[in-house]
Amino acid sequence: MSNIGEEIARTCAGLPLAAIFLGNLMRFKRKESDWLAIRDNDVFNTPENPNKIILVLKLSYDNLSSDLKKCFSYCSLFPKDYLINRETLIQLWTVEGFLHPSTRGNQNSLEDVGNDYFLSLLSSSFFQDVIKDDLGDIIYFKMHDLVHDLSLSVSGSNQVMILKLSEMGKDFSQIRRVQLIMEKEVQKTDILNNAVKLRTIFFQGGSFYPRALSNKRLRVVNRLEAKNLDTICSSLKFKHMRYLDLRFSNLVDVHSKSIHQLYNLQTLNLRNSKNVQNILNGIGSLINLQHLNLFSSDAKVLPDSITRLTNLHTLNLNRCKDISSLPTNIESLQNLSFLDISHTQISELPDSITLICSLKRLETTWCGNLRALSRNLGALKQLRSLNLECTRVRELPESLTSNLCKSRMVKLGAECEFPEDISNWVDLRQLTKGGITYGVRMPIGIEKLTCLEELLPYIVSKEEGNESTSSSSIHQLADLNSLRKLRIEYLENVKGGKVEAQRAKLKDKQNIQHLDLQWYEEEEDDEEDQELAAAATATMVLEGLQPHPNLEIMYIRGFPGLKLPEWMGSSYCLPNLVELTFEDCNSCINLVSLGQFPCLKVLQIKGMESLKSLGKGFYYQQEEEEGNSGTAATTTLFPSLTKFTIENAENLEEWCLTDNSFPCLERLEIFGCGNLAYVPDLRLWSSSLRCLKISKCNKLKGSIPYDLKKEIIPHLS
């Protein structure tokens, strides 16, 4: 079959998108006859055709199930290059009736079915450019322009039509779904009066809402663009309405009773809208409502009638700054899975919230008045996400810490303590805590959370009973091999040098992309020998914390050593490093060679008081120059660097330029380097340099060429 595969590959004619689609199609084919059928398809045996790529993509479309075909073609209602919200799309698929639970006996919800459909289309490359949230779930995505062309071509002229306001006069009597482009601000239009079969309107630009008399079958009104606050002066009497998007609307004149009679409505989006309270006061009549979005609206009170919405799945109150409480009998919302009260004035959660067994996400970040959680919050055994950042909550209730087994993300505020034992949080992906961490100890069981991907921070402590020995808790990191983002604090507690630091096994963590290593100042010793010993120990500790070569971003903060370890200057050890920051490493005398790092784009040196020179050793290792001087002279140094910052290096006196260096530098910032009297001739970089900022460098002012001051954005002070 490999020969057949090679023949199919040649038919792609070097088109990457065609290769991707055919590759995804072939991986589901197991029989040789299936491969031969694709190889012998007429698409590949026709003369050159400008639409050949679309025909190739259509092969993948033809292999979709009928339900997936409907879901895919529906996406043509979004404009090209539009950033589509995954949850919005699934809600739209639901109200359109495209989703059907499996008949195989499992009881998946329509939301689960929609997620499965989405992932199927994603895996077949119909979707791309995904953007994920903190939990790793996809929130946005796009479609390739050619894929969008395909979706439009398979939709049918009566199923989907894209039209502009200027195209008035056409016969729309058979059209079912339309993307309407408003070319100017228009409050009323009769353009769709004869569209008696119309079910779906996507519109962008201006204010447009249809008339119930002519569009009786309408189910969906979705805004594609929301910039201005539009006044809605309409009675929305649509008995079949399922999805109503009133984002960025002024509802002062809207007939609220007409909205209260939309008994089939499933999604109501009032994001950033004004005068929404009249709609909220009667919202209890919308018994089929599943999604209510009040983000940044002027809602003032959440009425008790909202508890009649027993089908409600999501309730977004984020940035509703006037809302100060939740209904006491909120437990009636038994299907609620997502509740966001971030940036509100809510000071406490009603105890009845613990009875909402289906609650999966509870967002409370920047809820500054929230001081405590309900004692029985642990009853929420489905809770996957708990975000307490910027709240006043001091501790998690015991019931929660013992039952938070399915949670994937826990973010604690500055005032909140770690629970004593988290060994049963086996599915946790993210654990973060804000604020000052002095005196804080990591909870028992941290070493068992092998699914952790983000740990900010891990606090190194001295092992109990070993205050005078070399033992610390850093070994708890050894088995956490899923980590992608890690900050380690209080590394001064690692007294055993390289050997003890190696117990963290950072070099084995191939998933790690972001690493932040921090030391804090210890009590000053009077003995110089003890200070030198501590500095030497810090250097050996950093030597033992060598990360995996996959690392992309690294911060070194408060490092008290005199020199950096050799691995930090080796492009072989860190071939994928993109960003490197040194901060408050004030004892460090020399920087390691960084010039041959192929991917390094951002280099920041902030607070290196002992650094005196950026010489040849900054660009490449001296032994490389001596052993292979010809190569060293021709190699491009800092080949990818675009931003270079030197800040508060008070003793820095010299910066020497080496040939073939900094070809891509765009931004250079030098602050607080009072003894620096000379920098290299910046005119050698002026073709790429776009921003030059120099401040508090009095000796340096006179050395900047006048013509460069004119060419580069002047920011000298």
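See the structure above.
Structure report, in brief. Keep in mind the model is a prediction, meaning the values are calculated, not measured.

Our focus in this paragraph is the environment of Leu641. By secondary structure assignment, the location of Leu641 is in the loop between helix 16 (629-634) and strand 26 (643-647). Leu641 gets classed as buried once you look at its relative accessible area, which sits at 0%. Separated by 63 residues in sequence, Leu641 and Val578 place their C-alpha atoms 8.7 Å apart. Not counting residues up to four positions away in its chain, the partners in contact with Leu641 are Leu600, Lys601, Val602, Leu603, Phe662, Cys664 and Leu665.

All right, on to the packing of helix 6 (residues 86-96) against helix 7 (residues 110-123) then. Two measures define how a pair of helices packs: the angle their axes make with one another and the distance between the axes. Where helix 6 meets helix 7, the closest approach of the two axes is 10 Å, and the angle between their N-to-C directions is 115 degrees. As for how helix 6 packs across helix 7, the hand of that crossing is right-handed. Mapping the contact onto sequence places Arg86, Ile90, Trp93 and Thr94 in helix 6 and Leu110, Glu111, Gly114, Asn115, Tyr117, Phe118 and Leu121 in helix 7.

This part covers the pairing of strand 23 (residues 579-583). Of all 5 residues in strand 23, 4 are buried; the element is thus mostly enclosed. When strand 22 (residues 553-557) meets strand 23, the two strands line up parallel, connected through 5 bridges. When the bridges of strand 23 are listed, Arg557 appears paired with Glu583.

Inspection of the secondary structure puts Thr267 in strand 11 (residues 267-269). On the basis of relative accessible area, Thr267 is assigned to the buried category, the value being 4%. Separated by 3.4 Å, the side chains of Thr267 and Gln91 make a polar contact. Apart from the residues within four sequence positions on either side, Thr267 is in contact with Gln91, Arg242, Tyr243, Leu244, Leu289 and His291.

To continue, consider the packing of aromatic side chains. Under the defined criterion, the tally for this structure stands at 20 aromatic pairs. When the centroid spacing of 5.5 Å and the interplanar angle of 90 degrees are considered together, the rings of Phe644 and Trp655 count as edge-to-face. Of this pair, Phe644 sits in strand 26 while Trp655 sits in strand 27 (residues 654-655), and the two are 11 residues apart along the sequence. Here Phe644 falls in the buried class, since its relative accessible area comes to 0%. For Trp655, a relative accessible area of 0% translates into the label buried. An aromatic cluster of at least three residues, connected via ring pairs, comprises Phe618, Tyr619, Phe638, Phe644, Trp655 and Phe662. Directly above the aromatic system of Tyr61 lies the positively charged group of Lys69, at a separation of 5.4 Å from the ring centroid. The ring of Phe295 carries Arg271 above its face, with NZ or CZ at 4.0 Å from the centroid.

Before going further, it helps to examine the side chain of Thr365. Assignment of secondary structure puts Thr365 in the loop between strand 15 (361-363) and strand 16 (385-387). Here Thr365 is in contact with Ser342, His343, Asn387 and Glu389, once residues within four sequence places are set aside.

With that settled, consider the sheet that holds strand 2 (residues 128-132). Reading across the sheet, the 3 strands line up as 1-3-2 and stay open at both edges, with antiparallel pairing between neighbours. On the outer flanks of this sheet lie strand 1 (84-85) and strand 2, each paired with one strand and no other. Alignment of strand 2 against strand 3 (residues 138-142), held across 3 bridges, turns out to be antiparallel. Residue pairing across strands places Ile131 opposite Tyr140, the latter belonging to strand 3.

Once that is clear, we can look at the environment of Ile670. Relative to the helices and strands, Ile670 resides in strand 28 (residues 667-671). For the pair Ile670 and Cys697, spaced 27 residues apart in sequence, the C-alpha to C-alpha distance is 7.7 Å. If near-sequence neighbours (up to four positions away) are discounted, Ile670 is found in contact with Ile646, Trp655, Leu676, Val679, Lys693, Ile694, Ser695, Cys697 and Leu700.

This next bit is on the nonpolar core. Grouped together as the largest cluster of nonpolar side chains are 150 residues, with contacts concentrated most on Leu268, Leu455, Phe582 and Phe644. Apart from the residues lying within four places of it in its own chain, the contact partners of Leu268 are Leu244, Leu246, Ile279, Ile283, Leu286, Leu289, His291, Leu292 and Asn293. Formed by 36 residues, the second largest nonpolar core is a distinct cluster that contains Tyr61, Val113, Val147 and Val220.

Within a regular beta strand, the side chains point alternately toward one face of the sheet and then the other, so they alternate between its two faces. Among the 5 residues of strand 6 (residues 200-204), 5 are classified as buried, and the element is accordingly described as predominantly covered. Bridge count for strand 5 (residues 177-181) against strand 6 is 5 bridges, and the pairing is parallel. Opposite Leu180, over in strand 6, you have Phe203 as the bridge partner. Inspection of the sheet shows strand 6 paired to strand 7 (residues 220-223) by 4 bridges, in the parallel sense. Along strand 7, the bridge assignment pairs Ile201 with Val221.

Reading guide: rules and limits
- Residues numbered from 1 in each chain as written.
- Predicted model: local features only at pLDDT ≥ 70, side-chain atom pairs only at ≥ 80, totals over all residues.
- Heavy atoms only, no water.
- Helix = DSSP H or I, 4+ residues; strand = E, 2+ residues; numbered from the N terminus.
- Buried < 20%, exposed > 50% of the residue type's maximum accessible area, 1.4 Å probe, protein only.
- Contact = heavy atoms within 4.5 Å.
- Axes fitted to C-alpha atoms, helices over the stretch in contact; angles between N-to-C directions.
- Left-handed = near helix turned anticlockwise from the far one by under 90°.
- Pairing = 2+ DSSP bridges.
- Polar contact = N/O pair within 3.5 Å; in protein donor to acceptor, adjacent residues only side chain to side chain.
- Phe/Tyr/Trp six-rings, centres within 6.5 Å; stacked < 30°, edge-to-face > 60°.
- Lys NZ or Arg CZ within 6 Å of the ring centre and 35° of its normal.
- Core = buried A, V, L, I, M, F, W, Y, C linked by side-chain atoms within 4.5 Å.

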